[in-house]
Amino acid sequence: MRVAVIGAGVIGLSTALCIHEQYHGLVPSLEVEVYADRYTPHTTSDGAAGLWQPYLSDQGKLQETLWNKETFDYLLGHLGSPAAKEMGLFLISGYNLFTQPVPDPSWKNIVLGFRNLTPKELELFPGYSYGWFNTALMLECRSYLPWLTNRLTQRGVKFFQKKVESFQEVSGDGVDVVINCTGVRAGELQPDPELQPGRGQVIKVLAPWVKHFIITHDTKSGIYNSPYVIPGSKFTVLGGIYQHGNWSQENSAQDHKTIWENCCKLLPALQKAKIVEEWSGLRPARPWVRLERETIRHGHVQREVIHNYGHGGFGITIHWGCAMAAARLFGTLLQEKKLASLPQPRL
Amino acid sequence: MAAPKVAVVGAGVIGLSTALCITETCPSCSVTVLSDQFSPNTTSDVAAGMLIPHTYPGTPIHVQKQWFKETFTYLSAISNSAEASEAGIHLVSGWQIFKNMPKEELPFWWDIVLGFRPMSAAELQKFPQHRFGQAFMTLKCDCPPYLLWLEKRLKSTGVQMYIRKVSDLWELHSEYNIVVNCAGIGAHQLVGDKKLFPIRGQVLKVHAPWVKNFIRDGDGLTYIYPGIHRVTLGGTREKENWSLSPDPGTTKEIFDRCCSLEPSLQAAQDIEVKVGLRPSRQCVRLQREVLSQGGVKLLVVHNYGHGAGGFSVHRGTAKEAAHLVGECIAALQGTSSRAKL
């Protein structure tokens, strides 16, 4: 049984690992292959700071909240393991700041120590009158993706550098199932008007004196269009850009100015920070994550596809829950195939 | 009289911050700092510089609280300014955990640090051997940056600093009107204070930049304090131990204790071992004294004996010492005007 995973960002690699871990024992002939034109450190995932935090409201999408929780709990369980540093996984605490009171988020009981900010703490942030403090997790893809790659390589999973232009391309040749983890460019394989780029730009600086994340929110500008500061293990990421429908991956001088000025205003201690890198990427935005099976018919050829894309700005936050869900869909597929391939009794 | 000449003996956090306070309260004074050691070789350089007060048995709590509050407010303003990184001041949050219930549920400083609250059950799961904990956010003064920043501020106001070993305060009587004794553990010899004793502390400074929260065992022996570039792992509290040499057995023991609280420290690199002698006393000696020999007087202000709590109260005690210096100046001016009659 051959499985082709298209896409090698956090979604593609974690889904490949999940499927291999769960089914290799049951299906000894299982061969998983990864196809992608971009590998770490050139994927969208690599540009993200790596903070586990869902959007403020799940808008009733309970399933996504459950996947977020599954991911958090899974990562929390790995914190004490020797692999944590190699995975780029560590605890981090910080603030969410608002200009007015807001309802508690769907994830308040998932993170650790969630509480409101005290008046004294709010004094540190003029212009913000309400906020939260909690401890969450960082998962830096510059470490996590290589770690996933190593685990997959150890398991015999093969990697191919290739820009896949169609499902047919990979699913000929005896490939039974295609796992579509192509992120923002999924529309090139199959048109999807719901999928749009949510362009972001970030400035990476050296500011090791910053120990907390700070995410500000401005209901008028929308998610991620308000300054944020996220300290990593080496660099601190400054951001606050979300441009729906903008496909440009070139750094914009105007956006640079917006990010730098707003972040320095938020945290004056950043003024002396040295800029190391600038990056723009396209969040694969969709009203909800596309995580479902599809049987694509081409004449009398039937291709099984499992879609797992459209994770917007919360891909790292939700990745493991989605990988597990994709693996379950794969399991159902296996069961169907087994039933189909059982010898029929001769009548 | 001519501008009073003040000598500050000692260039650790207490000496430098006291000198700075004196220039602020008495701009006409000529202030000089004298010390046999400067950063990075002072006791302060070994300390993590966490603002978590030590309780002095001999000082009223409201006084200690005032010292802490002044220090916290002063540093908080710096941490939220463009100077923060140069001064080495930054906020850090974390947990103080207890294997056994602490005697007092709320330490006297609970409402000065930020966001103080008991840890939740979910948070305590990270520490299976501990039954109770407190979460809060406080400030950290990284050394050498903080001391170097103080030295820079002092130089810009015209304060001179000299490497000089002062063996006896009296030797300064001909050059200075007032001497401020911030000699820390050095006061044991300098002024023969037998109530002052060292509590030896060995620490490791390691490279582990993924550690963003502090963890401190309420027994004060095991702690993990993330600084700007290094994480301080501690420690020991050895009363009356004067040895400044690192002990390798102790190093391993500290490392193991810290790894049991934070397993990811196993991957820490670049381990540096340091030793400091906390200048311990029942209470901080913060008082005036008049030394006289053959009709000549030397006015002294003592400001030493901060033990494990130097950083936490440094600005508060520096201001009080500067105030005492002001009293000395008034006394000198009173004497000199009387002498004119």
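Residues numbered from 1 in each chain as written. Chains lettered and ligands numbered in written order. Predicted model: local features only at pLDDT ≥ 70, side-chain atom pairs only at ≥ 80, totals over all residues. Heavy atoms only, no water.

S.K.: Quick one: what's the story with unusual backbone geometry, residue by residue and with numbers?
M.R.: Residue and element names in this part refer to chain B. Here the amide bond leading from Ser39 into Pro40 is cis, since omega sits at 10°, within 30 degrees of zero. One can find Pro40 in the loop between β2 (30-35) and α2 (43-46). Each neighbour pair has its own omega, and for Cys143 with Pro144 the value is 5°, a cis peptide bond. Relative to the helices and strands, Pro144 is located in the loop between β5 (132-141) and α6 (145-156). Located in the positive-phi region is Glu240, a residue other than glycine, with phi close to 65°. Relative to the elements of secondary structure, Glu240 occurs in the loop between β12 (238-239) and α8 (248-261). (Helix = DSSP H or I, 4+ residues; strand = E, 2+ residues; numbered from the N terminus.)

S.K.: Can you break down the nonpolar core residue by residue, with the values?
M.R.: Within the largest apolar cluster, 100 residues are counted, with the highest numbers of intra-cluster contacts made by Tyr144(A), Phe330(A), Ile224(B), Leu233(B) and Leu265(B). The element that contributes the greatest number of residues to this core is helix α9 (residues 315-341) of chain A, accounting for 11 residues. Membership of the second largest hydrophobic core comes to 98 residues, among which are Tyr128(A), Phe311(B), Cys328(B) and Leu332(B). (Core = buried A, V, L, I, M, F, W, Y, C linked by side-chain atoms within 4.5 Å. Buried < 20%, exposed > 50% of the residue type's maximum accessible area, 1.4 Å probe, protein only.)

S.K.: Outline the pattern of salt bridges, supporting the account with residue identities and numerical values.
M.R.: Following the criterion strictly, the structure yields 35 salt bridges over all chains and no others. In this structure, Asp111(B) and Lys65(B) form a salt bridge, with 3.0 Å as the shortest nitrogen-oxygen distance. A residue pair is termed long-range when its members are at least 10 positions apart, and Asp111(B) in the loop between β3 (89-98) and β4 (114-118) and Lys65(B) in helix α3 (residues 61-79) qualify at 46 residues. The shortest N-O distance in the salt bridge between Arg164(B) and Glu171(B) comes to 3.5 Å. Here Arg164(B) falls in the partly exposed class, since its relative accessible area comes to 25%. For Glu171(B), a relative accessible area of 31% gives the class partly exposed. Each of the salt bridges in this network shares a partner with another, and the network as a whole consists of Lys272(A), Glu86(B) and Lys152(B). (Salt bridge = Lys/Arg side-chain N within 4 Å of Asp/Glu carboxyl O.)

S.K.: Kindly report on the UniProt feature "binding site: D-dopa" (unreviewed entry) in chain B, identifying the contributing residues and their values.
M.R.: Residues and elements named next belong to chain B. Under the UniProt annotation, "binding site: D-dopa" (unreviewed entry) lies at Tyr223 and Arg278. Inspection of the secondary structure puts Tyr223 in strand β10 (residues 223-226). The residue Arg278 is located in strand β13 (residues 269-280) in this model. With a relative accessible area of 12%, Arg278 lands in the buried category. Here Arg278 is in contact with Ile185, Phe197, Pro198, Ile199, Arg200, Gly201, Tyr223, Thr236, Arg237, Gly307 and Ala308, once residues within four sequence places are set aside. (UniProt positions renumbered as here; feature names shortened; annotations may be inferred. Contact = heavy atoms within 4.5 Å.)

S.K.: Outline the state of the cysteines, listing residues and values.
M.R.: All names here are of chain B. Within the structure shown, the criterion is met by one disulfide over all chains. Between the sulfur atoms of Cys26 and its disulfide partner Cys29 the distance amounts to 2.4 Å. Negative torsions about the S-S bond denote left-handed disulfides, and the value of about 80° found for Cys26 with Cys29 makes this one right-handed. Its relative accessible area of 11% is what places Cys29 among the buried residues. For the unlinked cysteine Cys141, the closest cysteine sulfur is that of Cys143, found at 6.8 Å. (Disulfide = S-S within 2.5 Å.)

S.K.: Could you give me a rundown of helix α1 (residues 10-23) of chain A, with the residues and numbers involved?
M.R.: Residues spaced three or four apart along an α-helix point in a common direction, a consequence of the helix completing one turn every 3.6 residues. Here α1(A) contains 14 residues, and its C-alpha end-to-end distance of 20 Å stays within 8% of the 20 Å for a straight helix at 1.5 Å per residue. Taken across its 14 residues, α1(A) has 12 buried, putting it largely inside the fold. (Expected span 1.5 Å × (residues − 1).)

S.K.: Can you explain the UniProt feature "binding site: D-serine" (unreviewed entry) in chain A? Please cite residues and give values.
M.R.: Residues and elements named next belong to chain A. Residues given the UniProt feature "binding site: D-serine" (unreviewed entry) here are Tyr228, Arg283 and Gly313. Note on Tyr228: relative accessible area 9%, which makes it buried. Residues in contact with Tyr228, not counting those within four places in the same chain, are Val202, Ile214, Ile215, Val237, Leu238, Gly239, Gly240, Cys263 and Arg283. Tracing the backbone through its elements, the reader meets Arg283 in strand β13 (residues 274-285). Ignoring sequence-local partners within four residues, the contact set of Arg283 consists of Val184, Gln196, Pro197, Gly198, Arg199, Gly200, Tyr224, Tyr228, Ile241, Tyr242, Gly312 and Gly313.

S.K.: Which residues make up the interface of chain A and chain B, and what are the values?
M.R.: With 27 residues of chain A at the contact, the number on the chain B side is 35 residues. A combined buried area of about 2800 Å² lies between chain A and chain B, and 61% of that area is made up of carbon and sulfur atoms. Broken down residue by residue, the surface that chain A buries against chain B is led by Lys85(A), Trp209(A) and Lys211(A), which jointly contribute 23%. Across the chain A-chain B interface, the total number found is one salt bridge. The partner of Lys272(A) in a salt bridge is Glu86(B), and the shortest N-O contact between them spans 3.9 Å. (Buried area = accessible area lost by both parts, 1.4 Å probe.)

S.K.: Could you give me a rundown of the UniProt feature "binding site: D-dopa" (unreviewed entry) in chain A, with the residues and numbers involved?
M.R.: Residues and elements named next belong to chain A. When the UniProt feature table is mapped to this numbering, "binding site: D-dopa" (unreviewed entry) covers Gln53 and His217. Maximum C-alpha separation among the annotated residues is 13.3 Å over a sequence range of 165 residues, consistent with a single clustered spot. Relative to the helices and strands, Gln53 is located in the loop between α2 (44-47) and α3 (62-78). Gln53 gets classed as buried once you look at its relative accessible area, which sits at 7%. Apart from the residues within four sequence positions on either side, Gln53 is in contact with Asn96, Trp107, Phe213, Ile215, Tyr224 and Thr317. Counting through the fold element by element, His217 comes out in the loop between β9 (213-216) and β10 (228-231).

S.K.: Tell me about the sheet that holds strand β15 (residues 296-304) of chain B, and name the residues and values.
M.R.: Residue and element names in this part refer to chain B. Strand order across the open sheet formed by six strands is β6-β2-β1-β7-β15-β14, with mixed pairing between neighbours. What marks the edges here is a single partner per strand, and that holds for β6 (160-163) and β14 (285-293). On average, each strand axis in the sheet is tilted by 20° relative to the strand beside it, whichever way the strands run. Sheet topology note: the β2/β6 ladder contains four bridges and is parallel. What sits directly across from Leu34, in β6, is Tyr162. Against the sheet, helix α1 (residues 13-25) engages β1 (5-9), β2, β6, β7 (178-181) and β15, with an angle of about 175° to β2. (Pairing = 2+ DSSP bridges. Axes fitted to C-alpha atoms, helices over the stretch in contact; angles between N-to-C directions.)

S.K.: Mind laying out the sheet that holds strand β14 (residues 290-298) of chain A, listing which residues take part and the relevant values?
M.R.: Across a sheet, strands are paired by hydrogen bonds formed along the backbone, either parallel or antiparallel in direction. Residue and element names in this part refer to chain A. Judged by pairing direction, the sheet is mixed, and its six strands sit side by side in the order β6-β2-β1-β7-β15-β14 without closing on themselves. Looking at the sheet topology across the chains shown, the edges are occupied by β6 (158-161) and β14. Between one strand axis and the next, the sheet turns by 25° as a mean value, whatever way the strands run. Bridge count between strand β1 (residues 2-6) and strand β7 (residues 175-180): five bridges; the pairing is parallel. When the bridges of β7 are listed, Val3 appears paired with Val177.

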